[in-house]
Amino acid sequence: MLGKVDLFIVGGGVNGAGVARDAAGRGLSVLLVEQGDLAGATSSSSSKLIHGGLRYLENYEFRLVRESLLERERLWKVAPHLITPLRFVLPHHKGLRPAFILRLGLFLYDHIGGRKLLPPTKRLNLRKHSAGGPLSDALTTGFEYSDCWVDDARLVVANALGAKELGAEILTRHTFIGAERNGDRWQVSVKTDTGTVETVEAKMLVNAGGPWVDKTLNSCNAGQKNEGSVRLVKGSHIVVPKLYDHDRAYTFQNTDGRVIFSIPYEGDFTLIGTTDTPFEGDPYTAAADEQEIEYLCAATSEYFKTTILPEKVIWHYSGVRPLYDDGAESASKATRDYVLALDAPGGAAPLLSIYGGKVTTYRRLAEEVLEKLEPYTTYDCGPWTDGSPLPGGDLPGRESPEHALSGFIDTTQETYPWLPEALAERYACAYGTRIKDMIGSAASLTDMGRDFGAGLYEREVDYLKEVEWAHTAEDVLWRRTKRGLHMSDAERSALATWMGA
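Residues numbered from 1 in each chain as written. Predicted model: local features only at pLDDT ≥ 70, side-chain atom pairs only at ≥ 80, totals over all residues. Heavy atoms only, no water.

Visitor: I would appreciate a short explanation of the overall build of the protein in the present structure.
Guide: Summing up its helical and strand segments, the protein has 13 helices and 19 strands in all. A compact globule built from 501 residues should have a C-alpha radius of gyration of about 23 Å, and the protein, at 23 Å, falls within 12% of that. Here the C-alpha coordinates of the protein stretch approximately 70 × 60 × 45 Å along the principal axes. Buried residues in the protein amount to 59% of all 501 residues. Distance from the positive charge centre (55 side chains) to the negative charge centre (68 side chains) of the protein: 5 Å. (Helix = DSSP H or I, 4+ residues; strand = E, 2+ residues; numbered from the N terminus. Rg over C-alpha atoms; globule rule 2.2 N^0.38 Å. Buried < 20%, exposed > 50% of the residue type's maximum accessible area, 1.4 Å probe, protein only. Lys, Arg positive; Asp, Glu negative; His and termini not counted. Charge placed at Lys NZ, Arg CZ, Asp CG, Glu CD.)

Right, dumping it as structure tokens:
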């Protein structure tokens, strides 16, 4: 038996990890199980943005946009190594949304979310501004606004680390089999990473299964069954060689009413996405199909001088969003807001299922989960995560995060003068103040061990295995780091052989 806990959480995505950290910090005993790797599905397949969702204003989702905008600067302060400001250029495309509509939307975007640190919107003459250089000559006017970029998978790991350091147990490669109410407790069955089946006794159960939320719900003997509450929507992204040299991102309007982002990525690349495609099947099998790749290439090529051909795509990924089914006529119009469904008949052991949600709102979602569970337990304290830095995020001067990261990168280069400049910057951004734990006693690149390629050294891989739950080369190359993009097939294969997976 795995033991007794106050709170059992199914799912190691951003919502599950966020709930685990918040709950552990309030004094609850917490056990989280994840069937694969942390952020192994939807939470590592986002557009890598902490944003309000400018497009959601058109669907009148003002509450969601306001909450997201409020969270934007809060999260920047608690994880300034993982979250950085990003300026977006929105070109005015004649024949689509009128310029006055764009101005109105951006005015609301600037003012309903308590923006204090990020710079405001401004109008651009694309004929004169550097952001207009890569764009079609037909685009003469644009608007520049603020949002933030995030390393989504590392954000999940940081929350899991925070939860563990507060006493939570995080078990990856453990599969939730089912649960049954037994009086005021849940009896939960779990298949361990060795194949054995163990049981856990829990007072409360949180279903943060993401795209598997209904499957998880239907594995619980709770009287509450799947009634089609989840709407699975696949979002695909493509990565192409860098399309321009400046550091701005673009928001492009498309004729179908959607918007597509073009974002500087990993120094040498441009990330383009996303799609909204109804999905059926196993979310682990989700992949960008030929039509989605062609769609993203064609829509983006309408704005750039350079034509983006499908054969230029060097990597693509897809995630399945578990949206709440609000009956919207199309996937793109379905709400991105989250819904928390609580089942506790007669005050019995509660089961709370999470539908929807965005990376941006995970922290506030976790607070609401704990608010809903409050009648069934006792906390040592109330909400506490607002302002509390995530592991690695306690950078000097983080209350002014726009300067904290650059200062920390400089400090890292001074502390480890033997690190190449690019590597020191990558380590600072990935690990923050935990860089000292990762590097340990190493005093030279030789001390870092084998270089598997693209600056991925043995010491870092060992740290990811020992501390951050990485088991396979895929975990290391595509989630904990993005070194897979920079390495050859032979280098990636060598790492897989060395790790044995």
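Visitor: I keep staring at the nonpolar core and nothing clicks. Help me out?
Guide: Most often, soluble globular proteins have nonpolar side chains that are buried together. Of all hydrophobic cores here, the largest spans 57 residues; its most connected members are Tyr145, Tyr427, Tyr431, Ile439, Val476 and Leu495. Contacts of Tyr431, omitting those with residues within four sequence positions, involve His81, Arg154, Gly392, Met438, Glu460, Tyr463, Leu464 and Glu468. One finds Val78, Ala79, Val157 and Ile354 within the second-largest nonpolar core, a separate group that totals 50 residues. (Core = buried A, V, L, I, M, F, W, Y, C linked by side-chain atoms within 4.5 Å. Contact = heavy atoms within 4.5 Å.)

Visitor: Would you mind going over the pairing of strand β2 (residues 30-34) with me for this structure?
Guide: Along any regular strand the residues' side chains alternate between the sheet's two faces. Of all five residues making up β2, five are buried, and the element is well covered by its neighbours. Judged by which residues are buried, β2 turns out to be covered on both faces: Val30, Leu32 and Glu34 on one side and Leu31 and Val33 on the other are all buried. Following the chain from strand β1 (residues 3-10) across helix α1 (residues 14-25) to the adjacent parallel β2, one finds a crossover that is right-handed. In terms of strand pairing, β2 meets strand β7 (residues 169-172) through four bridges, oriented parallel. Across the sheet, Leu31 pairs through a bridge with Glu169, a residue of β7. (Right-handed = clockwise from strand over helix to strand, strands pointing away. Pairing = 2+ DSSP bridges.)

Visitor: Sorry if this is basic, but what is going on with the packing of helix α2 (residues 62-78) against helix α7 (residues 362-373) here?
Guide: Relative placement of two packed helices is described by the angle separating their axes and the distance separating the axes. Where α2 contacts α7, the axes come no closer than 9 Å and their chain directions differ by 110°. Regarding the angle of α2 to α7, the classification is roughly perpendicular. Every residue of α7 that contacts α2 at Glu67, Glu71, Arg74 and Leu75 is listed here: Tyr362, Arg363, Arg364 and Glu368. Classifying every residue of the contact of α2 with α7 by side-chain character gives two nonpolar, no polar and six charged. (Axes fitted to C-alpha atoms, helices over the stretch in contact; angles between N-to-C directions. Parallel < 35°, antiparallel > 145°, perpendicular 65-115°, else oblique. Nonpolar A, V, L, I, M, F, W, Y, C, P; charged D, E, K, R; others polar.)

Visitor: Looking at this structure, I do not really get the environment of Arg173. What am I missing?
Guide: By the secondary structure assignment, Arg173 is in the loop between β7 and β8 (175-182). Given the relative accessible area of 22%, Arg173 is considered partly exposed. Each C-alpha atom of the pair Arg173 and His471 lies 9.3 Å from the other, and the pair is 298 residues apart in sequence. Setting aside its immediate chain neighbours within four residues, Arg173 contacts Glu34, Gln35, Gly36, Asp37, Lys191, Thr192, Asp193, Trp469, His471, Thr472 and Asp475.

Visitor: Any chance you could explain unusual backbone geometry here in plain terms?
Guide: With the exception of glycine, most residues fall at negative phi, and the peptide bonds are largely trans. In this structure, the amide linkage connecting Gly273 to the following residue, Thr274, adopts the cis form with an omega of 20°. Within the element layout of this structure, Thr274 appears in the loop between β15 (269-273) and β16 (277-278). Although it is not a glycine, Ala39 sits at a positive phi angle of roughly 55°. Turning to its location among the elements, Ala39 is positioned in the loop between β2 and β3 (49-50).

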